[in-house]
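Overview (structure and organization)
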Amino acid sequence: MKKEKKKKVKNQNHTLPLLAMISPTVIWLFLFLVISLVYIIVISFMTKGPFGTIKWMPSLQSYIDFLNPVYLKVFRKSVEIAALTTVFCLLVSYPFAMALSKTTGKKKMLFMILLVLPFWINGLIRLNGWVNILRETGILNSLLMKIGLQPINFMYTDGAIVFGMVYAFLPFMVLPINNSLSKMDPALLEAASDLGAKKFRTFCRVTLPLSIPGIFSGTIQTFIPSLGAFYIADIMGGGNTMLLGNLIKNQFTSARNWPSGAAFSVVLIVFTLIVMKLYNKVGNPEDLV
Amino acid sequence: MTEKMDKKPIISLRNVIKKYGENLVVNKINLDIYQGEFLTLLGASGCGKTTTLRMIAGFEDITEGEIFLEDENMAGKPPYHRNVNTVFQSYALFPHMNVFDNVAFGLVEKKMKKAEIRKKVREVLELVQLTGFERRKPDQMSGGQKQRVAIARAIVNNPRVLLLDEPLGALDLKLRRQMQLDLKHLQQQLNITFVYVTHDQEEAMTMSDRIAIMNGGVFEQIGTAEEIYEHPKTKFVADFIGESNIFETSIHAVEEKMLKLIMEQGDVTVREQGFEVNEIAYLCVRPENIKISEFPVEGFNLKGIIKENIYVGSQIKTTIEMINGYLVKKTAFPDGDMKPAGSIVYLYWDDGKSVLMHTKEDKIYNYIESAEGGSIPS
Ligand SMILES: Nc1ncnc2c1ncn2[C@@H]1O[C@H](COP(=O)(O)OP(=O)(O)OP(=O)(O)O)[C@@H](O)[C@H]1O
Ligand SMILES: [Mg+2]
């Protein structure tokens, strides 16, 4: 009897601080995520009023608008660019993450800092730096001409957009892969070698499979933001390429069509959720956290 | 045991040195390991056992010296080109593979046919009593089971030598005892050479054909359990293996195969050879060989007083304080010679039950097989 009472008191002691600890998070999430999300979903089913207002009359018009071939093309292009970005990001990140996971101590710190430091500077400024290097009369081309090579026109192409995105999302790919690789027991590589596997075989049979959770998580963390990013396409694409992110932004700003902007956002969110769901089915959901 | 061991070494270490930077970890060791032998590297933590094993496996390169596997110099040979396999202390099972794929790993690398792989894996799993576990992942198994998967994964490749680094270290005592016997039987059944690392002397004694006692990067002594226990070559070995009473002595006189020794505790005469007058030496007597008498015994002048008798079931442990305060340990069966605490006694032991050791070789002693004419059990 007495014991039970004690237990109860103890439990109460545990719940109270726990509530206190999580409630700010819950309130924050509620205020900034749930409310705005619900608001977006609601207005996506409303009608556009004159001068950018919302007429509170339910309609599916905004969703029907999205089926316009012009918008569908934008959507397809966005998925393409996001997929390309993810693939290139993975190709660049994997060797880097491998090197990173093998270093220790001060060297590792240095690598980490080099990786993350540029991201303390505003993304727009960094991108404009790249514009300066890559544009027709930029640093790269003047260097190329100095050594007698043809200048290249890389800026304002889809390639430039992918380049900008790979650059922007690199750490989101490197860090989870590095995380997976660092967790791996180095004795496993020795065991594989001991059992007759050469370096490449060891990579295929041990390293790569064990880093799949990192690849999954990195892929999601690259693919999804690159699907919605708009300023990179604006700057690196010079406004030549319209992506889903630009489209949504335009609907809210220049087109002053809030319901359709909201509807396109909902489409993007639903698409993202589907992608994640598919991913979770293939990969191990626990590792995606 | 003897007949299956032909005298040709399967592994030879020649003047092997390993340095990490300035840190000398293995200091010019020599060792021959024979076909079918169970050889144990025994020593305290940090003495270089793992390093030695890793050099044989090829994970660690050698600073100086040579390692031969079946007369072939292993210099520059990566692990995947050496016909040895390792059982890691942490097991190092591939966590993303089930038991079958773990065990089949080496066979797949050898590009063996699927049907043959299946047959071999089945056989080896039967051998380690893990039939039916094929589909289990390592994280769904107990420590003992993982251990057996690690062994199966190694022996399925039919290596010339199996290297085991404290493979039972993580198991509880009871399971460890059982696995010691299982491993020993497995080794005899397969007739594979085992090089086994442990810091547990009982384990080493139970399993090994020969034991190499390591200390500070050198071998103090290499021999059978009996040789090492009965005839320790150095003070370190006498101290490390079992319990010993070690007396510092000086050789007083050398008479026809007999030596007269002077020590602080008294004088004794022992049957030994190869010592010079005035040489300082260590005299080692095991506690179970110490005998006591009420009267002085010829050849011994060792007087002491019994401090206490402690019954530990099958044995009586007696402590005898000598004139200079040195405490002599003695063990006996309850029906053996025994005197109550406070009695004055004279110590003695039977001929050949003491070992006299040179002191100057105590630290730098480096065993060389050939000089010994081979120390394989016969
Ligand atoms: N990679 C390394 N770099 C530097 N020093 C090392 C390295 N590996 C081992 N050492 C040192 O070499 C010495 C011997 O190490 P080793 O692992 O061979 O000991 P051990 O006999 O296996 O000990 P234990 O019983 O604790 O496993 C230790 O002093 C250790 O600190
Ligand atoms: Mg070790």
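Whatever comes next refers back to the structure up there.
Throughout what follows, the structure given in this document is the object of discussion. What you see is a predicted model; the values in this text were computed from it and never measured.

Once that is clear, we can look at helix α8 (residues 186–194) of chain A. Residue and element names in this part refer to chain A. For α8, the full list of buried residues reads A187, L188, A191, A192, S193 and D194. The N-capping residue of α8, defined by a side-chain oxygen 3.0 Å from the backbone nitrogen of A187, is D185. Taken from the residues just after α8, G196 is the one with a positive phi, measuring 100°.

On the side of chain B, 23 residues touch chain A, which itself brings 17 residues to the contact. Area buried by chain A at its contact with chain B is led by D194(A), L195(A) and R205(A), which between them contribute 41% of it. Here chain A is connected to chain B by 3 salt bridges. E109(B) is paired through a salt bridge with R201(A); the nearest N and O atoms lie 3.1 Å apart. Inspection of the chain A/chain B interface yields 8 residue pairs in polar contact (both at pLDDT 80 or more).

All names here are of chain B. Viewed as axis vectors pointing N to C, helix α2 (residues 99–109) and helix α4 (residues 143–155) meet at an angle of 30°, and their least axial separation amounts to 7 Å. Judged by the angle between their axes, α2 and α4 are roughly parallel. Here the hand of the crossing between α2 and α4 comes out right-handed. In contact with V99, N102 and V103 of α2, α4 contributes V149, A152 and R153.

Even without glycine at this site, N15(B) takes up a positive phi of about 50°. Mapped onto the fold, N15(B) is located in strand β1 (residues 9–20).

Considering all chains together, one arrives at 24 aromatic pairs over all chains under this definition. Plain terms: the ring middles of Y94(A) and F203(A) are 5.7 Å apart, the flat faces sit at 85° to each other, and that makes the pair edge-to-face. Within this pair, whereas Y94(A) is found in helix α3 (residues 69–102), its partner F203(A) is found in helix α9 (residues 199–228), the two being separated by 109 residues in sequence. The structure contains a cluster of three or more aromatic residues connected by ring pairs, namely F66(A), Y71(A), F75(A), F264(A) and F271(A). Here the basic side chain of R205(A) rests over the ring of F105(B), its NZ or CZ set 3.9 Å away from the ring centre. It is R153(B) that lies over the ring of F94(B); its NZ or CZ is 4.8 Å from the centre.

The rules we used
- Residues numbered from 1 in each chain as written.
- Chains lettered and ligands numbered in written order.
- Predicted model: local features only at pLDDT ≥ 70, side-chain atom pairs only at ≥ 80, totals over all residues.
- Heavy atoms only, no water.
- Buried < 20%, exposed > 50% of the residue type's maximum accessible area, 1.4 Å probe, protein only.
- Helix = DSSP H or I, 4+ residues; strand = E, 2+ residues; numbered from the N terminus.
- Polar contact = N/O pair within 3.5 Å; in protein donor to acceptor, adjacent residues only side chain to side chain.
- Contact = heavy atoms within 4.5 Å.
- Buried area = accessible area lost by both parts, 1.4 Å probe.
- Salt bridge = Lys/Arg side-chain N within 4 Å of Asp/Glu carboxyl O.
- Axes fitted to C-alpha atoms, helices over the stretch in contact; angles between N-to-C directions.
- Parallel < 35°, antiparallel > 145°, perpendicular 65-115°, else oblique.
- Left-handed = near helix turned anticlockwise from the far one by under 90°.
- Phe/Tyr/Trp six-rings, centres within 6.5 Å; stacked < 30°, edge-to-face > 60°.
- Lys NZ or Arg CZ within 6 Å of the ring centre and 35° of its normal.

Remember, this is a structural readout, not a statement about activity or role.
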